[in-house]
Amino acid sequence: GQNIDQPTEMTATEGAIVQINCTYQTSGFNGLFWYQQHAGEAPTFLSYNVLDGLEEKGRFSSFLSRSKGYSYLLLKELQMKDSASYLCAVSGAGTALIFGKGTTLSVSS
Amino acid sequence: KAGVTQTPRYLIKTRGQQVTLSCSPISGHRSVSWYQQTPGQGLQFLFEYFSETQRNKGNFPGRFSGRQFSNSRSEMNVSTLELGDSALYLCASSQEPSGRRNEQFFGPGTRLTVL
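What you see is a predicted model, and the numbers here were worked out from it, not measured in a lab.

Q: What is the right way to look at the interface of chain A and chain B in this model?
A: For interface size, the figure often reported is the accessible area lost on association. Counting from both sides, the interface comprises 17 residues of chain A and, opposite them, 21 residues of chain B. Interface area for chain A against chain B, summed over the two sides, is near 1,500 Å², with a carbon-plus-sulfur share of 58%. Applying the counting rule to chain A against chain B returns 0 salt bridges. For the side of chain A that touches chain B, the secondary structure elements donating two or more residues are strand 4 (32-37), strand 5 (44-49), strand 9 (84-91) and strand 10 (97-99) of chain A. Taken together, the residues of the side of chain A that touches chain B sort by class into 11 nonpolar, 5 polar and 1 charged.

Q: It is not clear to me how the environment of A:Q2 should be interpreted in this structure. Could you clarify?
A: With respect to the helices and strands, the residue A:Q2 is situated in the segment before strand 1 (3-5). When neighbours within four sequence positions are excluded, A:Q2 is seen to be in contact with A:Q25, A:T26, A:S27, A:G92, A:T95 and A:I98.

Q: Teacher, can you tell me more about the sheet that holds strand 3 (residues 19-24) of chain B here?
A: The pairing of strands in a sheet happens through backbone hydrogen bonds and is either parallel or antiparallel. Residues and elements named next belong to chain B. One open sheet holds the 4 strands; their spatial order is 1-3-8-7, and the pairing between them is antiparallel. Looking at the sheet topology across the chains shown, the edges are occupied by strand 1 (5-7) and strand 7 (64-68). Each neighbouring strand pair of the sheet contributes to a mean axis angle of 15°, computed without reference to strand direction. Sheet analysis places strand 3 next to strand 8 (residues 74-78), joined by 5 bridges and oriented antiparallel. Paired with T20 across the two strands is N77, which belongs to strand 8.

Analysis parameters
- Residues numbered from 1 in each chain as written.
- Chains lettered and ligands numbered in written order.
- Predicted model: local features only at pLDDT ≥ 70, side-chain atom pairs only at ≥ 80, totals over all residues.
- Heavy atoms only, no water.
- Contact = heavy atoms within 4.5 Å.
- Buried area = accessible area lost by both parts, 1.4 Å probe.
- Salt bridge = Lys/Arg side-chain N within 4 Å of Asp/Glu carboxyl O.
- Helix = DSSP H or I, 4+ residues; strand = E, 2+ residues; numbered from the N terminus.
- Nonpolar A, V, L, I, M, F, W, Y, C, P; charged D, E, K, R; others polar.
- Pairing = 2+ DSSP bridges.
- Axes fitted to C-alpha atoms, helices over the stretch in contact; angles between N-to-C directions.

What follows is the structure, given as structure tokens:
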């Protein structure tokens with residue numbers, strides 16, 4: 001079966017760094033996605049990892065370890081607008097893209 | 001390029017009725033997926049269609065069905081509605097159903113309320 005785990009909630013302050021972890025078990029692996037979803041809006045793409053290592057894109061970075069079934073999303077220089085739900089999603093072999101339940105991040109001043 | 005569109009945006013139905021939701025993908029995208037989103041449950045996968053064929057199906061009862069047309073537009077139908085079907089139904093399209101080209105572009109969703 002397939003399973004994706006992420007923490008339910010996290011809190012942080014403006015300017016800080018936060019790491020959101022995701023562990024997964026899937027049948028095959030074709031890549032891992034991170035999405036951001038603000039309240040009342042549709043999810044939007046943040047990053048994609050298919051090889052081990054770190055992918056950096058501005059204030060956001062995503063890391064993947066395929067052998068450990070583990071990924072994290074790193075958000076630097078947090079801003080209030082980063083308050084949102086962050087969804088980890090895994091593309092398996094021949095399977096649909098499966099999403100975790102999401103991590104709700106609250107950024108305070 | 002126009003984004004994913006979903007109609008209707010809001011819908012109120014009563015128990016026992018049926019409903020059809022529509023999704024138009026981004027031009028050139030051949031894969032369409034449907035998700036149900038409820039508080040606490042996150043995005044639960046319903047179906048995935050690629051080139052008019054259902055490629056994958058989630059763990060939902062047979063009351064939930066879907067189809068995809070030759071122009072990649074997709075519809076999902078829920079029959080004999082139950083209170084628990086109240087949710088945001090999201091449609092997403094991608095170029096291909098796997099790998100990097102499986103980046104999902106989401107529509108704004110249809111908010112279904114069952115009374």
